[in-house]
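# Coordinate inspection notes
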Number of protein chains: 2
Amino acid sequence: MSAKLMEFLKEKEQQLVEYMKSSEVQKYFRPKHIHDAVTSYIYRSAKRLRPGVLIMSCGCLGGEERIAIPAAAAVELFHTWTLVHDDIIDNDSLRRGKPTVHRLMESAGKRDLNLEGSLAEDYGRNIAILAGDIQHAWSVTFLIETTTKMGVDPYITLEIIKYMESYAIGNLIYGETVDVQMGMTDSKDTEKFSQDDVIDMLWGKTGVLYGFSALAGGMIGKGTSDINDPQVTALKDFATNCGIAFQLQDDILGITGDEKLLGKPIGSDIREGKKTTIVLESLKNANEEQKNLILNVLGNKDAGEDDVEKVKSLFHELNGIEHTKMLAQKYIQKALPKIDAVEDSKYKELLLSWADFMINRNL
Amino acid sequence: MSAKLMEFLKEKEQQLVEYMKSSEVQKYFRPKHIHDAVTSYIYRSAKRLRPGVLIMSCGCLGGEERIAIPAAAAVELFHTWTLVHDDIIDNDSLRRGKPTVHRLMESAGKRDLNLEGSLAEDYGRNIAILAGDIQHAWSVTFLIETTTKMGVDPYITLEIIKYMESYAIGNLIYGETVDVQMGMTDSKDTEKFSQDDVIDMLWGKTGVLYGFSALAGGMIGKGTSDINDPQVTALKDFATNCGIAFQLQDDILGITGDEKLLGKPIGSDIREGKKTTIVLESLKNANEEQKNLILNVLGNKDAGEDDVEKVKSLFHELNGIEHTKMLAQKYIQKALPKIDAVEDSKYKELLLSWADFMINRNL
């Protein structure tokens, strides 16, 4: 990541966290377990890329950074509730290096309510569902502050909320649902899905919220309530395509990345049977024997180190990795010309550095 | 229920359902399982009391019924997502006489995705979590239509959304969480909780959303963005207190009601160990022997018909039922004078009939 972009994100993160911490809405987060569950992820160290894109997009179209802060907090909270519910759905135990909300609340139930076993597990999940619901609502109240605290035209704010709560959430949950369905489909049936299915899912799960961030920032910066404004649309398309490239790169790192940098074992995508464009392309180019090997190891939680290594080699050999790199490049190439619609500025430069990071990152 | 009120609610229900059915937002409910899950409860027959209160409150302060319809749809959807998530939390199988969303989706997973056993159960729960999330968002988009479709001042709409997404949801989830914690506390420890704890929980789970319905309708009807307007506040307090009385009456019907009318076995509150003001008052007045009997049967899923009958008799004998009737009456008496702040009209009459129904209903 370029030094300038890193510095910008660090500075914005500080302002963002300060703004979230001073929110008076928090007095309604009761009882204590709910308060702890709602606030646990947001103060953990993170890159804050979505709020960053929102503020850069605001600057790109001539707005002060300051007036975009509430909306930046909104998109961070919106992202957060999707993580909390997603972690329940995937039954994950770690998020940002610490326990997930449902695990935290399982422990809280044991500690404070003397719950045991599956009752504590149920309690943890129940509180996490409700905590995500509150974060969702908190996100909407932050958007409202764009008008009530920053003086932005209320029609702009209403259009942004409407977009978030219809188009963005609908497509996000579409992506999440397809991901759930893919995850529950036997690895042997991986070829039921096409490359387009996978990319559609990545678009919904990640592209759409990056697109929303750019759109909201753009509308606030330009002071327009026109959701179809050509510059706003250009920024939205730019960010959406970068989001897809980011997820493709994520799948590549899941096979080729550095375990220490990523904080997860490299074989895990293979053992979990994750259905990626890498897998689909490799299967397409495999002979019968290679195909059998891949399908036998994929989704096998107890697969040995040797077998996982063999499959990794096949992903290289059968063009799965190269093909996915090319796809990611394609989406960045689709993104870049969009930004020509916007005049040169330090914010445009930052957005271009961000696009570069989204595909060249190693963590 | 008075004939006039019944007729009013029937007519509004029709308009409400028509309005919801014509919502263009539904195109974002994808894939099919999500669409089915999101729309399953809302078209089942129901009393629609919250939207009714909202529209009557709008009329009370001089607004046309028509302009309150989008907000009425919003409060219905808001109520609905809390039911969907609540049903997951309570692991209930029936809602409005048909399967709950997570059960419906468990069946859909078996039928369409060949899932089996606990995998199908997980799938049902996961889709239900996401469906509730979309309903929450749909509710917000309906509120926005108060301005974009009915021409209401955008500052009024923003204040209403803010109230729903901070005060109302915060207190609702507070009530829900306390309910979860009470439910997971051993029946033997029922006396850990006070009557105030129970009423606080009922206020959060039910009173607050009725209060919100009246507040939103009042603001739209009067055309004010002042959340503290005295007439709006009066309507809000009126409806909140009626909501508490409704829940107290619900607990009474759970012991004394007609199984056929209620559609649930009368002993179930006792076998589930529900912690009500009936139980608390009875325990307070019980001698050691009576107390032991009650605490032994309470929360015992396998309790025999005889024991349940004995506990029911004790609830009468030890003043639990009478005391709770008196409490419900107290909240209605607290509610009624509030409405003096509002001029006489057919809507005021309807609200008074509604208050009467809330406490004198037998189903």
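Please refer to the structure higher up on the page.
Our subject in this report is the structure included herewith. Residue indices begin from 1 for each chain and proceed along its sequence in written order. For this description, chains carry letters from A and ligands carry numbers from 1, given in the order in which they are written. For this predicted model, a pLDDT threshold of at least 70 governs which residues receive local features, and a threshold of 80 or more governs which side-chain atom pairs are given and counted, while totals over whole chains, interfaces and linings are taken from all residues. Excluded from the side-chain calculation are hydrogens and water; included are all heavy atoms of the structure.

### Some points on the state of the cysteines
Residue and element names in this part refer to chain A. To be explicit about the condition: The term disulfide is used for any two cysteine sulfur atoms that are within 2.5 Å. In this scheme, a residue with accessible area under 20% of its type's maximum is buried, one over 50% is exposed, and one in between is partly exposed, where area comes from a 1.4 Å probe on protein chains only.
According to the stated counting rule, one finds zero disulfides over all chains in the structure shown. Take Cys-60: it sits in no disulfide, and the sulfur closest to it among the cysteines is that of Cys-58, at 9.6 Å. Overall, Cys-60 belongs to the buried group, its relative accessible area being 9%.

### Brief notes about the relation of the copies chain A and chain B
Definition in use: The copies were overlaid with a least-squares fit restricted to C-alpha atoms from residues scoring a pLDDT of at least 70 in each copy. Any pair of residues with heavy atoms lying within 4.5 Å of one another is described as a contacting pair.
The transformation that overlays chain A on chain B combines an axial shift of 0.0 Å with a rotation of 180°, and the residual RMSD is 0.0 Å. Both copies are brought into coincidence by an operation consistent with a two-fold rotation axis. Taking C-alpha positions as reference, the residue of chain A nearest the rotation axis is Pro154(A), located at 3.1 Å. Interface overlap between copies: 100% of the residues of chain A at the interface are likewise at the interface in chain B, consistent with a symmetric, same-surface contact.

### A few points about the nonpolar core
What counts, and what does not: As used in this record, nonpolar core signifies buried Ala, Val, Leu, Ile, Met, Phe, Trp, Tyr and Cys residues forming a set joined through side-chain atoms within 4.5 Å.
Counting residues in hydrophobic clusters, the biggest one holds 224 residues, and the most contacted among them are Phe212(A), Leu351(A), Trp354(A), Phe212(B), Leu351(B) and Trp354(B). Apart from residues no more than four positions distant in its own chain, Leu351(A) is found in contact with Val53(A), Met56(A), Ser57(A), Cys60(A), Leu235(A), Phe238(A) and Ile339(A).

### A closer look at the interface of chain A and chain B
The extent of an interface is frequently quoted as the accessible surface area lost upon association of the parts. Note the cut-off: Note: buried area is the sum, over both parts, of the accessible area (probe 1.4 Å) each one loses when the two are combined. The term salt bridge refers to a pairing of a side-chain nitrogen on Lys or Arg with a carboxyl oxygen on Asp or Glu at a separation within 4 Å. Pairing of N or O atoms within 3.5 Å defines a polar contact, subject to two protein rules: one partner must be a possible hydrogen donor and the other a possible acceptor, and residues neighboring in sequence count only if both atoms are side-chain atoms. By the criteria applied, helices consist of DSSP H or I runs no shorter than four residues and strands consist of E runs no shorter than two, each listed in order from the N terminus. Residues were grouped as follows: Ala, Val, Leu, Ile, Met, Phe, Trp, Tyr, Cys and Pro as nonpolar; Asp, Glu, Lys and Arg as charged; and all remaining residues, including Gly, as polar.
Each partner contributes residues to the interface: chain A has 51 residues there, and chain B has 51 residues. Both faces combined, the contact of chain A with chain B buries some 4700 Å², and carbon together with sulfur accounts for 75% of it. Taken together, chain A and chain B are joined by zero salt bridges. Linking chain A with chain B are seven residue pairs in polar contact (both at pLDDT 80 or more), by the criterion used here. Those elements that provide at least two residues to the side of chain A that touches chain B are helix 2 (32–39), helix 4 (69–90), helix 6 (117–148) and helix 7 (154–184) of chain A. For the side of chain A that touches chain B, the element with the most residues is helix 7 of chain A, which contributes 20 residues. Looking at the side of chain A that touches chain B residue by residue, the classes come out as 30 nonpolar, 13 polar and eight charged.

### Some thoughts on the packing of helix 2 of chain A against helix 5 (residues 101–113) of chain A
Residues and elements named next belong to chain A. Which entries qualify depends on this criterion: Angles run from 0 to 180 degrees between N-to-C directions of axes, and those axes are lines fitted to C-alpha atoms, restricted for helices to the stretch in contact. Comment on the angle field: the value is read as roughly parallel under 35 degrees, roughly antiparallel over 145, roughly perpendicular from 65 to 115, and oblique elsewhere. By convention the crossing between two helices is left-handed if the near helix lies anticlockwise of the far one by an angle smaller than a right angle, and right-handed if it lies clockwise.
Contact pair helix 2 / helix 5: the axes reach a minimum separation of 10 Å and the direction vectors enclose 155°. Between helix 2 and helix 5, the crossing angle belongs to the class labelled roughly antiparallel. Helix-helix and strand crossings are classified by hand; for helix 2 and helix 5 the assignment is right-handed. Only Val-101, Met-105, Ala-108, Gly-109, Asp-112 and Leu-113 of helix 5 make contact with helix 2, whose side of the interface consists of His-33, Asp-36 and Ala-37. A per-class count over the contact of helix 2 with helix 5 returns five nonpolar, two polar and two charged.

### A short note on the pattern of salt bridges
All names here are of chain A. Under the defined criterion, the tally for this structure stands at 60 salt bridges over all chains. Residue Glu-145 pairs with Lys-149 through a salt bridge whose shortest N-O separation is 3.9 Å. By relative accessible area, Glu-145 is classed as buried at 7%. Note on Lys-149: relative accessible area 42%, which makes it partly exposed. One connected set of salt bridges, linked through shared partners, spans Lys-10, Glu-13, Arg-48, Glu-76 and Arg-96.

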